[in-house]
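Report on the structure
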Amino acid sequence: MSSLRDNLRHMIALDGPMTVERYMDVCLRHYYASRDPLGAHGDFITSPEISQIFGELLGVWMIEIWHAMGRPGRVDLVELGPGRGTLMADMLRAARALPEFLEAAHVRLVETSPALRQKQKATLASSAATISWHDSFAELPEGQLLLVANEFFDALPVRQFVATERGWCERLVGLADDALIFGLNPEPESIAGAPPTPGEIREVHLASRSLAGDIAARLVRDGGAALIVDYGYWGPAYGDTLQAVRHHKFVDPLAEPGEADLTTHVDFSQLASAARARGAVLHGVDTQANFLHAIGIATRAARLKQRATDAQAKSLDEAVTRLTATGPREMGELFKVLAITDPRLASVPGLHARLEPNR
Ligand code: SAH
């Protein structure tokens, strides 16, 4: 069987070293196409897989925005990269008490992986909502939009540039004795800012910027809001955040191409400036902990506990702690939340409008 590693070796032998962006793209296509990476037996776990409370709170957030939009009779409820469909199922459960919203919402799942589309179909089988699947955001029809993306942007490929005496040189993946290794394009390129101390790395999220810009343009034209949750930071910053995770452990990003989850930390400032350039309004960034507290995770947990067994109550408490724990390696602090809205939505629950310029 020809492995992805062999294919990559052939590609590099034929065309020369490839950019980190291309390497991520090739690996991630292979990775997501062939498996369900989520959960205890997979490679990583996400907030909606930890507890239903996460998706329910996001569902309530969407409903509040729908009210602020004037309760439109038709709205696209879009999720980018829905994984197993758990987040959408929990959001729809939170909306059960509001049939007008469920009537109005057309659920559109943007998912490239056939394996995960199957999972999503199974998870959402009992839902009364109209659901359709799409390959990309670009192919969605026009109309008012409520969009959610949890741990989606971290899976989009980035370009990496290394500061050298000559200027910013792009980081490449090449071959040495048949092994994949990192290298540098000898020709410098002019990207934003003068290069600092040699060796520093700047990550440029071109794919994410372009998508954030397209989402913003659509929100400004048709109305609505997008909620983006991911691990990341507000840049500019230096550093190599490319990481590979397999079976819940970090591995060398070049060691098992296509078999490990490859991600980078999202630079929300790059998404934000792309969105603002298209006329959208920004809310946040804030930490996941602050956001979930502000939209009432404690009250909702208390309500769920009233109907819970002791064991259920204990696991609910553990889940709330895990989602909101602060500390440099905890989800509540590592994960950030940004909303992008149509300027007609002056405020959103749980996040402050971002007034200052991006840079
Ligand atoms: N949001 C889910 C899953 C996150 S994993 C959760 O929180 O549990 C990333 C998801 O994005 C997977 O569903 C993966 O198949 C999908 N995905 C990755 N790259 C994609 C792309 N370029 N276009 C569409 N979906 C993509």
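Quick notes on the rules
- The residue numbers shown here count from 1 along each chain, following its written sequence.
- Two thresholds apply to this predicted model, a pLDDT of at least 70 for residue-level local features and 80 or more for giving and counting side-chain atom pairs, whereas whole-chain, interface and lining totals are computed over all residues.
- Only hydrogens and water are set aside; all other atoms, that is, all heavy atoms of the structure, feed into the side-chain values.
- By definition, any uninterrupted DSSP run of H or I lasting at least four residues is a helix, any uninterrupted run of E lasting at least two residues is a strand, and each is numbered from the N terminus.
- The globule rule is 2.2 Å times the number of residues to the power 0.38, and the radius of gyration it is compared with is taken over C-alpha atoms.
- By definition in these notes, contact holds between two residues if any of their heavy atoms fall within 4.5 Å.
- For every accessible area listed, the method is Shrake-Rupley and the probe measures 1.4 Å; residues are considered covered only by the protein chains on display.
- His is not counted, nor are the chain ends, whereas Lys and Arg count as positive and Asp and Glu as negative.
- Taken as the charge centre is NZ of Lys, CZ of Arg, CG of Asp or CD of Glu, depending on the residue.
- Helix axes are fitted to C-alpha atoms over the stretch in contact, other axes to C-alpha atoms as well, and angles between N-to-C directions run from 0 to 180 degrees.
- Roughly parallel means an angle under 35 degrees; roughly antiparallel, over 145; roughly perpendicular, 65 to 115; everything else is oblique.
- Here a crossing is called left-handed whenever its near helix is offset anticlockwise from the far helix by less than a right angle, and right-handed whenever the offset is clockwise.
- Gly falls in the polar group here, along with every residue not listed as nonpolar (Ala, Val, Leu, Ile, Met, Phe, Trp, Tyr, Cys, Pro) or charged (Asp, Glu, Lys, Arg).
- A pair of strands is considered paired only if DSSP assigns at least 2 bridges between the two.
- Distances are taken per atom, and a residue is near a molecule or strand as soon as one of its heavy atoms is within 4 Å of it.
- Whenever two N or O atoms come within 3.5 Å, that pair is a polar contact, provided that in protein one can donate a hydrogen and the other can accept it, and provided that, for residues adjacent in sequence, both atoms are side-chain atoms.
- The criterion is simple. A nonpolar core is a set of buried Ala, Val, Leu, Ile, Met, Phe, Trp, Tyr and Cys residues joined through side-chain atoms within 4.5 Å.
- Between buried and exposed lies partly exposed: a residue is buried under 20% and exposed over 50% of the maximum accessible area for its type, with that area taken using a 1.4 Å probe on protein chains only.
- A helix is expected to span 1.5 Å for every residue after the first.

1. As for the overall build of the protein
When you go through the protein residue by residue, the secondary structure sums to 13 helices and 16 strands. In summary, the protein has a C-alpha radius of gyration of 21 Å against a globular reference of 21 Å for 359 residues, a match within 12%. The principal-axis extent of the C-alpha atoms belonging to the protein is close to 60 × 45 × 40 Å. Across the protein, the fraction of contacts at a sequence separation of at least 24, relative to all contacts at a separation of at least 6, is 78%. With the model as given, the accessible surface of the protein reaches about 15,800 Å², and the carbon-plus-sulfur share is 52%. Each charge sign in the protein was given a centre, from 36 positive and 45 negative side chains, and these centres are 4 Å apart.

2. Considering the packing of helix 11 (residues 297-306) against helix 12 (residues 310-324)
The description of two helices packed together rests on the angle between their axes and the distance between the axes. It is at 10 Å that the axes of helix 11 and helix 12 come closest, and there the two elements cross at 165 degrees. With respect to each other, helix 11 and helix 12 are oriented roughly antiparallel. Seen along the crossing, helix 11 lies across helix 12 with a hand that is right-handed. The segment helix 11 lies against helix 12, with I297, A301, L304 and K305 engaging A313, L316, D317, V320, L323 and T324. Tallied by class, residues from the contact of helix 11 with helix 12 come to 7 nonpolar, 1 polar and 2 charged.

3. Things to note about the sheet that holds strand 12 (residues 249-251)
Read across the open sheet, the 3 strands follow the order 12-11-13; overall the sheet is antiparallel. The open sheet is flanked by strand 12 and strand 13 (261-263), the only strands paired with a single partner. The sheet shows a mean angle of 40 degrees between the axes of neighbouring strands, direction not considered. Pairing analysis gives 3 bridges linking strand 11 (residues 243-246) to strand 13, with the strands arranged antiparallel.

4. Digging into the site of the ligand
Among the 18 residues in the neighbourhood of the ligand, the closest are listed as T46, G81, G83, E111 and N150. At 3.4 Å, a side-chain N or O of T112 approaches a nitrogen atom of the ligand. Contacts to the ligand include N150, whose backbone N or O atom sits 2.7 Å from a nitrogen atom. Against a free-state accessible area of 570 Å², the protein chains account for coverage of 90% of the ligand. Looking at the shell around the ligand, its residues break down into 9 nonpolar, 6 polar and 3 charged.

5. Thoughts on the nonpolar core
In this structure, W61, L77, F101, L146, L227 and F291 are the most contacted members of the largest nonpolar core, which totals 51 residues. Contact partners of L227, with chain neighbours within four places excluded, come to L58, W61, M62, L147, V148, A149, F291, V337, L338, A339 and L351. Counting residues in hydrophobic clusters, the runner-up holds 28 residues, among them F137, F152, A274 and A275.

6. Details of helix 4 (residues 52-68)
The end-to-end C-alpha distance of helix 4, which contains 17 residues, comes to 25 Å, matching closely the 24 Å that a straight helix rising 1.5 Å per residue would cover. Considered for burial, the residues of helix 4 that qualify are I53, F54, G55, E56, L57, L58, G59, W61, M62, I63, I65 and W66. Sitting at the amino-terminal end of helix 4 is S51, which places a side-chain oxygen 3.1 Å from the backbone nitrogen of I53. At the C-terminal side of helix 4, G70 shows a positive phi close to 90 degrees.

7. Some remarks on the pairing of strand 9 (residues 201-204)
Here strand 9 shows a buried face lined by I201 and E203 and a second buried face lined by R202 and V204. Sheet topology note: the strand 6 (residues 159-164)/strand 9 ladder contains 4 bridges and is antiparallel. Looking at the pairing, Q160 lines up with E203 of strand 9.

8. Here we look at the pairing of strand 16 (residues 335-341)
With respect to burial, strand 16 is a largely interior element, 7 of its 7 residues being buried. Burial along strand 16 is two-sided: F335, V337, A339 and T341 facing one way and K336, L338 and I340 facing the other are all buried. Relative to strand 16, strand 10 (residues 224-233) runs antiparallel, the two being bridged by 7 bridges. Paired with Y231 across the bridge in strand 16 is F335. Pairing of strand 15 (residues 281-287) with strand 16, which is carried by 6 bridges, proceeds in the antiparallel orientation. Bridge pairing in strand 16 links H283 to A339.

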